[in-house]
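Chains, contacts and geometry: an overview
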Amino acid sequence: MKENVIIFSGLDGCGKSTQISRLCRHLESKNIKYKMIWARPGSTPLFLLIKSFARFSFRSLPKGGRSNKREAMLRSNRIGRLWFYLTFLELIFIFKIKSNFFLLFGNKIIFDRYLLDSVIDYEIMLDKKIMQRWLIKYLLSSDKKLTKIFLNISIAESIHRCKIKWEPFPDTDEEKVKRFKLYNNYINNFGYIIMDGQNDPDIIWKNILNIVGK
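Description of the structure in this document. (Residues numbered from 1 in each chain as written. Predicted model: local features only at pLDDT ≥ 70, side-chain atom pairs only at ≥ 80, totals over all residues. Heavy atoms only, no water.)

Once that is clear, we can look at the overall build of the protein. The number of helices and strands found in the protein is nine helices and five strands. Listing each helix as α and each strand as β along the protein from the N terminus yields β-α-β-α-α-α-β-α-α-β-α-α-β-α. Going through the 214 residues of the protein one by one, you find that 45% of them count as buried. As displayed, the protein has an accessible area near 11900 Å², and 58% of this comes from carbon and sulfur atoms. (Helix = DSSP H or I, 4+ residues; strand = E, 2+ residues; numbered from the N terminus. Buried < 20%, exposed > 50% of the residue type's maximum accessible area, 1.4 Å probe, protein only. Areas by Shrake-Rupley, 256 points an atom, 1.4 Å probe, with all protein chains shown as cover.)

Once that is clear, we can look at the packing of aromatic side chains. Under the definition given, this model contains 10 aromatic pairs. In textbook terms, an aromatic cluster arises when at least three aromatic residues are bridged by ring pairs, as seen for Phe84, Tyr85, Phe88 and Tyr122. Over the ring of Phe84 we find Arg133, and its NZ or CZ is 4.8 Å from the ring centre. (Phe/Tyr/Trp six-rings, centres within 6.5 Å; stacked < 30°, edge-to-face > 60°. Lys NZ or Arg CZ within 6 Å of the ring centre and 35° of its normal.)

Ordered by their spatial adjacency, five strands build an open sheet running β2-β3-β1-β4-β5, and the pairing between neighbours is parallel. Two strands close off the open sheet at either side, each with one partner strand: β2 (34-38) and β5 (192-196). Geometrically, the sheet is characterised by an average inter-axis angle of 20° between neighbouring strands, direction not taken into account. Sheet analysis places strand β4 (residues 147-152) next to β5, joined by five bridges and oriented parallel. Its bridge partner being in β5, Lys148 is matched across the sheet by Tyr192. Lying over the sheet, helix α1 (residues 16-29) contacts β1 (5-9), β2, β3 (108-112) and β4, oriented at roughly 165° with respect to β3. (Pairing = 2+ DSSP bridges. Axes fitted to C-alpha atoms, helices over the stretch in contact; angles between N-to-C directions. Contact = heavy atoms within 4.5 Å.)

Running from N to C, α1 and helix α9 (residues 201-212) cross one another at 50°; their axes reach a closest spacing of 10 Å. Comparing their axes, α9 and α1 come out oblique. The handedness of the crossing between α1 and α9 is right-handed. In contact with Gln19, Arg22, Leu23 and His26 of α1, α9 contributes Pro201, Asp202, Ile204, Trp205, Ile208 and Leu209. Residues belonging to the contact of α1 with α9 are distributed by class as follows: six nonpolar, two polar and two charged. (Parallel < 35°, antiparallel > 145°, perpendicular 65-115°, else oblique. Left-handed = near helix turned anticlockwise from the far one by under 90°. Nonpolar A, V, L, I, M, F, W, Y, C, P; charged D, E, K, R; others polar.)

Under the 1.5 Å per step criterion, the end-to-end length of α1 is 20 Å for 14 residues, consistent within 8% with the ideal 20 Å. Within α1, burial applies to Lys16, Gln19, Ile20, Leu23, Cys24, His26 and Leu27. Taken end-on, α1 shows its buried residues confined to a sector of 160°, consistent with a single buried face. Opposite the packed face of α1, turned more than 90 degrees from it, sit the exposed residues Arg25 and Ser29. The inward-facing, buried residues of α1 abut β1, β2, β3, β4 and α9. Positive phi appears at Asn31, one or two residues downstream of α1, with a value of about 55°. (Expected span 1.5 Å × (residues − 1). Arc of directions from axis to C-beta.)

So, about the pattern of salt bridges. Applying the stated criterion to the full structure yields 10 salt bridges. Across the pair Lys176 and Asp12 runs a salt bridge whose closest N-O atoms are separated by 3.8 Å. Highlighted residues: Lys176 in helix α8 (residues 173-186) and Asp12 in the loop between β1 and α1, separated in sequence by 164 residues. Like Asp12, Lys176 is buried. Close ionic contact of Lys96 with Asp143 constitutes a salt bridge, the shortest N to O distance being 2.7 Å. With Lys96 in helix α4 (residues 77-104) and Asp143 in the loop between α6 (134-141) and β4, the pair connects residues that are 47 residues apart, well separated along the chain. (Salt bridge = Lys/Arg side-chain N within 4 Å of Asp/Glu carboxyl O.)

In this structure, Leu115 and Leu116 are the most contacted members of the largest nonpolar core, which totals 53 residues. Here Leu115 is in contact with Phe88, Ile92, Phe95, Leu139 and Leu140, once residues within four sequence places are set aside. (Core = buried A, V, L, I, M, F, W, Y, C linked by side-chain atoms within 4.5 Å.)

Here the focus is the side chain of Glu123. Checked against the element boundaries, Glu123 lands in helix α5 (residues 115-126). When sequence neighbours within four positions are dropped, the list of residues in contact with Glu123 reads Lys128, Lys129, Ile130, Met131, Leu182 and Tyr186.

Given below as structure tokens:
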């Protein structure tokens, strides 16, 4: 396979997991080393440990999972800013340092979600225009040479698929609408290859193979 880094993005239920599983099996059949990396703001191993410690030390903090109290805390200026900087630094470590370490030792890298997906997470959760920050624009623009695949499905299809498939961190229907709009606003600016995620999975896989190289 000619590509060293392949990124998959899209709404919940777009078929990322299906195509990533196929790509992993393909690499294994070729005896090619790879690492599959999934990351989401606030859900990385180090930050989960920090949250556990904080909840043990400060009982007034909201419990894990979604809640109105948690969302209000994230959107408050002081806590939201601290949460953003801590989670963003860890994501940059994963996307820029950890992945390059794996590449150095001859691994291919498969990302299930990447920096753009995380920026959209921030904009939805914090209700702020994170994309306007110069560092974010620079980091996203500097990655144009990576192979980025966006599996595009409609909001209705995402809602339908999520009803019959378990998602670990599902968006609410309202968040799906916001995410769909944000993807449409940003996806064409950062070198993504857009595929119809509502196509037959076998057809999608053949298109992916043609892009990443057999």
